[in-house]
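# Coordinate analysis (summary)
The chain contents come next:
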Amino acid sequence: QEATFVMASNDVGAPSYDPIRGTKLNAATSLIYDRMVIQDADQSFHGQLATEWESTADGMAWTFKLRPGVTFHDGEPFNAATIVWWVPQFAGTENAFMTDAIESVEVIDDLTVKFVMKNPDPNLLSNMASIFMGIPSPKAYDAMGTDYGVTGAVGSGPFTLQSFTIGQETVLASNEAYAWASNLSENQGPPHIKTLTVREIPEDSTAFLELRTGGVDMLLSVPTDFLPQLEAEDSIAVGTLPGTGIFYIPINTTVAPFTDIKVREATALAVNQKEILDNLFGGIGSEANNFLISSLLAADVDPALNISHNPDRANELLEEAGWAMGSDGVREKDGTRLQVALWTQNGTEFKRVTEVVQAQLKAVGIGADITVFDSATINDQYRKGNEHQLAVRSYSWANADIIDWFFAGSRLGYPNVSMWNDPKAEVLNKTAMTGSRTWEERVANFKAYHEYVLSQFVFAPIYQPVQIHAYSKDNITLPETVRGTRLQSQTVVDITVN
Amino acid sequence: MALLSVQDISVTIGKLDLLDGVAFDIDSGEILGLVGESGSGKSLTAMCVMGLLPRIGGTITEGSIVFDGREMIGLPEAELRRLRGKRIALISQNPMTSLDPIIRIGAQIDQVSTLHLGLSAAAARDRSLELIAQLRIPEPAAIHGAYPHQLSGGMKQRIVIAMALAADPDLIVADEPTTALDVTIQAQIIQIMVELVRDRGLALMLITHDMGVVAQACDRVVVLYAGRVAETNTVEAIFAEPRHPYTRELIRCIPRLGQAPGSLKGIPGAVPSVIDYPAGCRFNPRCAVADDLCRDTVPALERKASGLAACHFSEG
Amino acid sequence: MESAAATPEGDLVTITGLTREFSSGGGLMTPRRTMRAVNDVSLRVPRGKVTGVVGESGCGKSTLARLVLRLIDATAGTVAFEGTDLANRSPGQMRKLRRRMQMVFQDPYSAIDPRYTIRRALLEPFQVQGVAQTAAEARAAVDELISMVGLSPRMVASFPHQLSGGQKQRVGIARALALRPSFLVLDEPTASLDVSIQAQIIDLLEALKEDLGLTYLFISHDLSLVRYFCDRVVVMYLGRAMEILPDATARPRHHYAHALLDSNFEPDPARRKVITMLDGEIPSPFAVIPGCAFADRCPAASDLCRRERPVLTDLGGGHMIACHHPRD
Amino acid sequence: MFSFFLKRLLLLIPVFLAVSMVIFMIVHLVPGDPIDNLVQINSTPEQKAALAAKYGLDKPLYQQYAIWLGKALSGDLGDAIILRRPVADLIALNLPHSLALGTLALAFSTLVGIAAGALAAVYKDSLVDRTTMTMILLGSTVPGFWLGLLLIMLFAVQLGWFPVSGARSWDALVLPVLTIGLGGVALVARVTRVAMMETARKDFVMMLHAKGVPSWQIELRHVLRHALLPVVTILSLRIGWILGGAVTVEFVFARPGLGSLLITSLNQRDYPVVQGSLLMLAIAVMLGTLLGDIVQAAMDPRVRERIK
Amino acid sequence: MAALDPIKTAIRSPRGGASAAVLVLVVACAVFAPLLAPYAYDIQNLPAANTEPGGTHWMGTDEFGRDLFSRIIYGARTSLTVAVSAISISVAAGLTLGAMAGYFGGAFDRAVTAVVDLTWSFPEILIALILIAIIGPGLQSTMVAISIAYLAQFTRLTRAQIMALKNETYVEATTNLGAGHFHIIFRHLLPNALTPVIVAGMLATGDAIILEATLGFFGLGAQPPTPSWGAMMSSGTAQIFIAPWIIIFPGLAIAMTVIAINLFGDALIEALDIRNRLRSS
Ligand SMILES: Nc1ncnc2c1ncn2[C@@H]1O[C@H](COP(=O)(O)OP(=O)(O)OP(=O)(O)O)[C@@H](O)[C@H]1O
Ligand SMILES: Nc1ncnc2c1ncn2[C@@H]1O[C@H](COP(=O)(O)OP(=O)(O)OP(=O)(O)O)[C@@H](O)[C@H]1O
Ligand SMILES: [Mg+2]
Ligand SMILES: [Mg+2]
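Residues numbered from 1 in each chain as written. Chains lettered and ligands numbered in written order. Predicted model: local features only at pLDDT ≥ 70, side-chain atom pairs only at ≥ 80, totals over all residues. Heavy atoms only, no water.

As recorded in an unreviewed UniProt entry, chain D goes by the name ABC transporter permease, listed as coming from Pelagibius litoralis. UniProt, in the comment section headed Subcellular location (unreviewed entry), describes chain D in these words: "Cell membrane". The heading Sequence similarities (unreviewed entry) in the UniProt record of chain D holds the text "Belongs to the binding-protein-dependent transport system permease family." (UniProt positions renumbered as here; feature names shortened; annotations may be inferred.)

As annotated in an unreviewed UniProt entry, chain C is ABC transporter ATP-binding protein from Pelagibius litoralis. Per its UniProt entry, chain C bears the Sequence similarities (unreviewed entry) comment "Belongs to the ABC transporter superfamily." Annotation of chain C in UniProt includes, under Subcellular location (unreviewed entry), the sentence "Cell inner membrane".

## Examining the overall build of chain D
A tally of helices and strands in chain D yields 15 helices and zero strands. A fraction of 71% describes how many contacts in chain D between residues 6 or more apart in sequence connect residues 24 or more apart. As presented, chain D carries roughly 12,600 Å² of accessible surface, and 70% of it is formed by carbon and sulfur atoms. Taken together, the 25 basic and 18 acidic charged side chains of chain D have centroids lying 8 Å from each other. (Helix = DSSP H or I, 4+ residues; strand = E, 2+ residues; numbered from the N terminus. Contact = heavy atoms within 4.5 Å. Areas by Shrake-Rupley, 256 points an atom, 1.4 Å probe, with all protein chains shown as cover. Lys, Arg positive; Asp, Glu negative; His and termini not counted. Charge placed at Lys NZ, Arg CZ, Asp CG, Glu CD.)

## Looking at the overall build of chain C
Counting secondary structure elements, chain C contains nine helices and 12 strands. Over its C-alpha atoms chain C spans a radius of gyration of 21 Å, differing by no more than 12% from the 20 Å that the globule rule assigns to 328 residues. Taking the principal axes of its C-alpha atoms as reference, chain C extends roughly 70 × 55 × 50 Å. Split into buried and exposed, the 328 residues of chain C put 55% on the buried side. (Rg over C-alpha atoms; globule rule 2.2 N^0.38 Å. Buried < 20%, exposed > 50% of the residue type's maximum accessible area, 1.4 Å probe, protein only.)

## A closer look at the packing of aromatic side chains
Going through the model one piece at a time under the given rule, you end up with 47 aromatic pairs over all chains. For the ring pair Tyr141 of chain A and Tyr148 of chain A, a centre distance of 4.6 Å and an interplane angle of 50° mean the geometry is tilted. Residue classification places Tyr148 of chain A among the buried positions, given a relative accessible area of 0%. Relative to Phe373 of chain A, the ring of Trp343 of chain A lies with its centre 4.7 Å away and its plane at 55°, an arrangement referred to as tilted. A residue pair is termed long-range when its members are at least 10 positions apart, and Trp343 of chain A in strand β18 (residues 339-345) and Phe373 of chain A in strand β19 (residues 367-373) qualify at 30 residues. Trp343 of chain A gets classed as buried once you look at its relative accessible area, which sits at 5%. Here Phe373 of chain A falls in the buried class, since its relative accessible area comes to 6%. Across the ring face of Tyr116 of chain C, the terminal group of Arg120 of chain C is positioned such that the distance to the ring centre comes to 3.8 Å. (Phe/Tyr/Trp six-rings, centres within 6.5 Å; stacked < 30°, edge-to-face > 60°. Lys NZ or Arg CZ within 6 Å of the ring centre and 35° of its normal.)

## Topic: the packing of helix α5 (residues 165-177) of chain C against helix α6 (residues 195-212) of chain C
When two helices pack together, their arrangement is captured by the angle between the axes and the distance separating the axes. All names here are of chain C. Between α5 and α6, whose axes approach to 10 Å, the crossing angle comes to 20°. Classified by the angle between their axes, α5 and α6 sit roughly parallel to one another. Crossing hand, α5 versus α6: right-handed. Across from Gly166, Gln169, Arg170, Ile173 and Leu177 in α5, the residues of α6 making contact are Ile197, Gln200, Ile201, Leu204, Leu205, Leu208 and Leu212. By residue class, the composition of the contact of α5 with α6 is eight nonpolar, three polar and one charged. (Axes fitted to C-alpha atoms, helices over the stretch in contact; angles between N-to-C directions. Parallel < 35°, antiparallel > 145°, perpendicular 65-115°, else oblique. Left-handed = near helix turned anticlockwise from the far one by under 90°. Nonpolar A, V, L, I, M, F, W, Y, C, P; charged D, E, K, R; others polar.)

## Some thoughts on the arrangement of the chains
If you rank the seven pairs of chains in contact by how many contacts each has, first place goes to chains B and C. Over all C-alpha pairs, chain A and chain B never come within contact, reaching a minimum spacing of 48 Å. Chain E makes no contact with chain B, the minimum C-alpha separation between the two being 16 Å.

## Examining the site of ligand 1
Residue and element names in this part refer to chain B. For ligand 1, the set of nearby residues contains 13 residues, the closest of which are Ser38, Gly39, Lys42, Ser43 and Leu44. Backbone polar atom of Ser40 to an oxygen atom of ligand 1: 3.3 Å apart, as the coordinates give it. Separating an oxygen atom of ligand 1 from a side-chain N or O atom of Ser43 is a distance of 2.6 Å. Protein chains shield 68% of the accessible area of ligand 1, which is 630 Å² for the free molecule. (Near = heavy atom within 4 Å. Polar contact = N/O pair within 3.5 Å; in protein donor to acceptor, adjacent residues only side chain to side chain.)

## Observations concerning the interface of chain B and chain C
It is common to give the size of an interface as the accessible area that goes away when the parts come together. Contacts between the two partners involve 47 residues from chain B and, on the opposite side, 38 residues from chain C. Here chain B packs against chain C, burying approximately 3,500 Å² in sum over the two surfaces, 58% of which is carbon and sulfur. Where chain B packs against chain C, one counts one salt bridge. Asp203 of chain C serves as the salt-bridge partner of Lys265 of chain B, at 3.0 Å between the closest nitrogen and oxygen. Between chain B and chain C we count 15 residue pairs in polar contact (both at pLDDT 80 or more) in total. The set of elements that each furnish at least two residues to the side of chain B that touches chain C consists of α7 (153-165), α8 (183-200), α9 (211-217) and α10 (235-240) of chain B. Sort the elements by how many residues they give to the side of chain B that touches chain C and α8 of chain B lands first, with nine residues. (Buried area = accessible area lost by both parts, 1.4 Å probe. Salt bridge = Lys/Arg side-chain N within 4 Å of Asp/Glu carboxyl O.)

## Let's talk about the pattern of salt bridges
Going through the model one piece at a time under the given rule, you end up with 60 salt bridges over all chains. Among the ionic pairs, Glu21 of chain C bridges to Arg36 of chain C, the shortest N-O distance being 2.8 Å. Placement of Glu21 of chain C in strand β1 (residues 11-24) and of Arg36 of chain C in strand β2 (residues 33-46) is noted, with a sequence separation of 15 residues between them. Overall, Glu21 of chain C belongs to the partly exposed group, its relative accessible area being 28%. By relative accessible area, Arg36 of chain C is classed as partly exposed at 41%. Among the charged side chains, a salt-bridge network with shared partners connects Lys262, Arg313, Glu316 and Glu320 of chain A.

## Thoughts on the pairing of strand β10 (residues 228-234) of chain B
Residue and element names in this part refer to chain B. With respect to burial, β10 is a largely interior element, six of its seven residues being buried. Relative to β10, strand β9 (residues 220-225) is paired through six bridges, and the arrangement is antiparallel. Its bridge partner lying in β10, Val223 is registered against Glu231. Between the end of β9 and the start of β10, which pair antiparallel, lie two residues, with Ala226 showing a positive phi angle near 50°. (Pairing = 2+ DSSP bridges.)

## What about the environment of Ile73 of chain B?
Residue and element names in this part refer to chain B. Residue position: Ile73 is located in the loop between β5 (70-71) and α2 (77-83). For the pair Ile73 and Val49, spaced 24 residues apart in the sequence, the C-alpha separation amounts to 9.4 Å. Setting aside chain neighbours within four positions, we find Ile73 in contact with Ile9, Ile60, Gly63, Ser64 and Ile65.

## Quick look at the environment of Met277 of chain C
Along the chain, Met277 of chain C turns up in the loop between α8 (255-263) and α9 (303-307). Among the residues examined, Met277 of chain C registers a relative accessible area of 26% and is labelled partly exposed. Counting along the chain gives 15 residues from Met277 of chain C to Asp262 of chain C, while the straight-line C-alpha distance between them is 9.0 Å. Non-local contacts of Met277 of chain C, meaning those with residues more than four positions away in its chain, are made with Arg136, Gln188 and Gln191 of chain B.

## As for the side chain of His209 of chain D
Checked against the element boundaries, His209 of chain D lands in helix α9 (residues 203-210). Among the polar contacts made by the side chain of His209 of chain D, one reaches the side chain of Arg81 of chain B at a distance of 3.3 Å. Look past the residues within four positions of His209 of chain D in its chain and what remains in contact with it is Leu52, Arg55, Arg81 and Arg84 of chain B together with Ser215 and Ile218 of chain D.

## Digging into the site of ligand 2
Residue and element names in this part refer to chain C. Around ligand 2, the structure places 13 residues, and the nearest of them are Ser57, Gly58, Lys61, Ser62 and Thr63. Contact between ligand 2 and Lys61: an oxygen atom at 2.8 Å from a main-chain N or O atom of the residue. Between ligand 2 and Ser62, the relevant distance is 2.6 Å, taken from an oxygen atom to a side-chain nitrogen or oxygen of the residue. Burial of ligand 2 by the surrounding chains reaches 63%, relative to a free accessible area of 630 Å². Considering each element in turn, the shell around ligand 2 owes the most residues, three residues, to helix α1 (residues 61-68). For the shell around ligand 2, the class distribution of residues is four nonpolar, six polar and three charged.

Pasting the structure below:
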């Protein structure tokens, strides 16, 4: 009962399995750690280590009932004391924002905890479902110190960590004591796979060939390009999950010509989302018309504010802004050409989208020069603030607070690549981030914030991908439907080896 | 019958006709000098005799080379190999480069006797040590184990001679064996060689451009000029009454002790190069007595008194 | 010893105690070793005469030539040209002075830049010395030089590789003469040439000497050639002057000089002789020899020779010898 | 002779110092303040200062260098920033893979290259020569990433002889070794061929023929042996290539190795790792040339003489 | 002119002639790309993406429906420009450094030699990747990186040449005429050292084309939509299974050019008889 999976190529090189301090965690993390709650594709929450939860009406306190009988891989019990130890660990780490709103944790009884809030945070559950909220064994965590996650990792999840070779592979063994799967899984006991190797393969072609030759059993994530090949193979099955991210173009609002909102709007309208969807992604996934993935309620904005391809309007706007069409198809104004920098990062999908965008911009008279950076350099470059104009980027995040991350005035340069610092937006941001008491309120506030962001054309939406996984039908069997927002532990425990 | 008889051989390399009708004989116990200016074809002749001409891309187009009654031209390479080193040995021009620099001296001498005499390693070694001693090299055993770079030029040349003698050959071809050496060393080497050849009754073909060496060492002389034999005769005759104007001039060019200042005059003009050999006698442009006949007709190598000369004007 | 103080008026160049050391190694691969290529040589070069230097390969002849022309600097000792020490000349003065002293090299094949035509090579001296010439002057200069050495002016368009060795050596001589020097160092100018060509070149050099009133320092390893061509002969061995013969006919008294002369095969089959072979080899130039450098190979060597270095002493009439036991 | 190598080692010290200085400086040459590259997005100046102090970035450069070098010499290459473990451990993890891949690829290209070069030299200017050399040349014109994929498709996918990727078994080494090895074959073959042809022109080879030694013996025992000398020199200078040059191949075959460690950490701005692995490579390169010298000395008595 | 003779000789040999023809063709493509290419290199036609080679598109189309044949022709321009300019910079710098080190020797020489020896033994790809990390991506930086990566080679070669030439008799002869350093270096040493360095440069151009392709694999080098053979190959890897021609044709173009450069270089080396001098580094 052995199986080998390949993680997504952009998960390659994740340095540790430390959910508290880690900033990059790979897909195997969810197999080692359980979270309080997990989320299904429909954004609904399901208990994992918590069985029940409720918040007060003012949102200033949350009570969680913990699952009894849970033990960590090292035999330590999971209980209220664990949570009391766990939450403060985040302070001072890069992941601190996850628990920022929690003032303190109080023990009600051995299996009940209460979070006392600094301010209402309707997003707390969503945070609790994040992969960074996998709960480690306090004893192991304290004992290993900075080595934690590197030389060892102890959670309560369905698999125990056997070995971790960074950049290469992680070997996991089934946790035979496991009996606390969420209701997203059929198998409530230990996983069927007894030894699971999760490999890291940076080259997608290589990973595909591994699957084809049976060298591995499943690719947890496949670039859309490979879909035609995968579907052509009899022995390979392909599954998709709704996407968790968006491809978009942040527009640097502080650099001419994009200080002019008309030029920004024209740029956004020049992007032909359908063309990209159909031709680059074979129609898989969907057009993006605003900043949030469509499963989020805050994505449901006033249709008039959604941004979609409208070249006529784009041309009109540019004319209005004084940019007249030049002889070589690039517009001009006062002797300046409408030639802008278009940055992108290394990776087939990025480069492809960018090249098509370049052609689409050209169609309305905007010339763009592409520069391809590696993903580390590009962030350094954004930080400089005034060297970039347009860029093709993507994010993966299933929560509306991503708008805050990318557009808050406090994060100019990077991650606020749009360099957008608008007083009205700051007010809306504050309200959305800290001023909501309930989930509904939060949705409404974020929607308002989102709508304002859209109205200012500080970015151009492009595409909303889906998640694709592929596996060898001969070797393994997946459950009928794959539950959850991603292919994670709740599905893996159900996988059987043929 | 001469031990080696070279009969009218002509040699080409690529499109160049480098030798034209070269002929001479060598008997056992005889030292034959082959003289001529640089480029006259001395080394090529040696290559022909060694059967090594194909190695430098040359072919013998005419003539024959009879060694010990056997025609060498057309002999298969394997046969030639059995002759080479065993019955005909070579002493090359430059001792500095004639030895494999990364193999011990001894092994290089031993190689010949194991190969041709079928000696065991130990027997070959003994034989080599003996030869080294015969050549008056001190401490043969140490030299046997030394590498070429540890020896001086003169010693190396003696080692090359030892190598040539290792399989008891009948004919040794020595191509300018001393030009790379200092005068005092040169004298040693020539002397040693002459003694050895006389003692063993070998035939030696001694190639040189030094008329002094010829005068001191050779019995008979072949004078080459521009790929042809100008004259052959006994050494005494060559010096006393040269038949060919070139030989005459050549001897006149050697500075001698007590010669009057201002009396040394060269042969006017330059040695013609292969690509533009003149028609007729190849010496005609530099010859004081040349006439139209010399410019048109190639003089045949004819018997003139005790030797042969290729000149329209030399009287028989 | 010839001392600098005693320099007669007739000496163009006076060399005193000239020494040059070379070090090799001391890099990554080898230990540092020092040798004296020229060791305490004193010598006069009389005006209008040919002074010959002979010796076997590596005895320091070329090094001596370079030192005399200050192409390399001496470790010790002086070279005085027309009475002034060359070492005191500034680089600029030295460059000017080079017009007066030129050299003909041993190897005509590499003495001319293969990329230069003969014309360009012949004009280079003027160019280097900053002599301005019109096109016509340049042509005239080249024509004159080329005819002076007996070559056809048609040849000036050729590249060196199109010429024979003898022709190249003539070009080398023409080039050395371009700046009208008074002193010419000839470093084995015929060593790579055939005898028939060697004789031509020697003939030419003799003629030029007469016509232009040149002074020669003539270097060779061929004692019979040197004795034919030179007025005085210096015999060198391992960087030292062993004997100075005052005229070409003088009989060598030094054992080495004698052996050198004796090793020369006489071109006469009627006078065959058994050579008195020298034993042994030339010692390594790196070896430190306290006594006479020739002692190991000398038939007359005594303990004294090995212990104490004989100094060059005058036997009378300018015949000098560094030997404890000269031949009679 | 031993003292010679000791001396060689000592003489490498200044070179090593110069190189380590360059390597150290790389961090400061890369755009962006190293602290900015270290810190989290929303750090306060105090946090930055604390981090700078932790990594010693607040000290003057020469002090930083001295500290860094001092530690490096005692085997402490510091801790990786992103990868959060001792750089020495990371190198220890990757080096064996690089060594295995490198030595095997080296052995492959040496053996095949020498064989092919010798074949071409012996049959020089014949059809054998032309075909061999052109084929080898063809092999070296294919970029590594593409050659790797081609080999995977042929030997792993079509024939199924070897695993596609990974570093889990010995047979997984075959294709990467071939990929790198084939690239190196051309170099070795060319050097061998030319060196053999040059040696064949030497006087002593003619002398061997004159001694009546059979041709094959001359080619193999004498000519080839000489040709190996330049091959050794070239190869010893290639140690750097062998350990660090396999980047693309490591990516394609999803293998660990010093090259990809270096590039990944360079991309992640994980400077201690960059410095550590470069230093490692530099040391390997120096030891490689030293090793080359030793082999040269073993093969060539003239070299032995010079270094006595 | 005499300088052209070896080139003529090289062209006359069968392999030399064939490879010269290929090179002329490639250079012609680079120079006359706008005339030769049937389509513009950047006109996308997404619905026609990944079309197989055929009548309208001789080499098929790429993932954006751009004509591959036209891109190969324009790609010659980029690839050659990058390789040739990088190597030219490298050769020029190498000549200067090498000549100074070789002629003047001393501490400067030792320093140059140490650095050069060390960089020479590092893989070019690493040097280029590190340099690009330092100076940032883009075509220019790629060129600079490639040129620095190869600098050591030419410096070594020039230095070795100069060291050997320095001892030639004609140099001494010229010094003896009263010539200064400048005259010696520029009139005698460099002109004579040039040939092998230029031939080595030419051979390195082949390697530079491959290096550019490899940098393309890491997403560095020519920026889209500018076609370069290397970039085309690297973006083609993703299509390898459905549209292999996207990677095959540029691969062939690279292989053909590099082989031609090598064969012609070999023919030139033979014609110039400089094998030994090339080895001296
Ligand atoms: N492999 C070759 N290819 C073409 N020409 C050759 C070859 N070998 C020799 N020659 C030419 O043949 C002629 C005779 O050469 P050879 O070597 O026999 O002269 P040599 O008399 O030995 O001269 P030297 O005294 O210089 O050794 C020369 O003109 C030479 O250039
Ligand atoms: N630049 C140099 N560096 C080191 N050693 C040198 C140098 N020039 C000459 N020597 C050494 O000095 C000694 C004398 O050399 P020199 O060239 O003066 O001899 P030579 O008498 O001219 O010999 P040849 O007859 O061979 O030309 C030789 O041992 C030589 O190796
Ligand atoms: Mg010869
Ligand atoms: Mg000399």
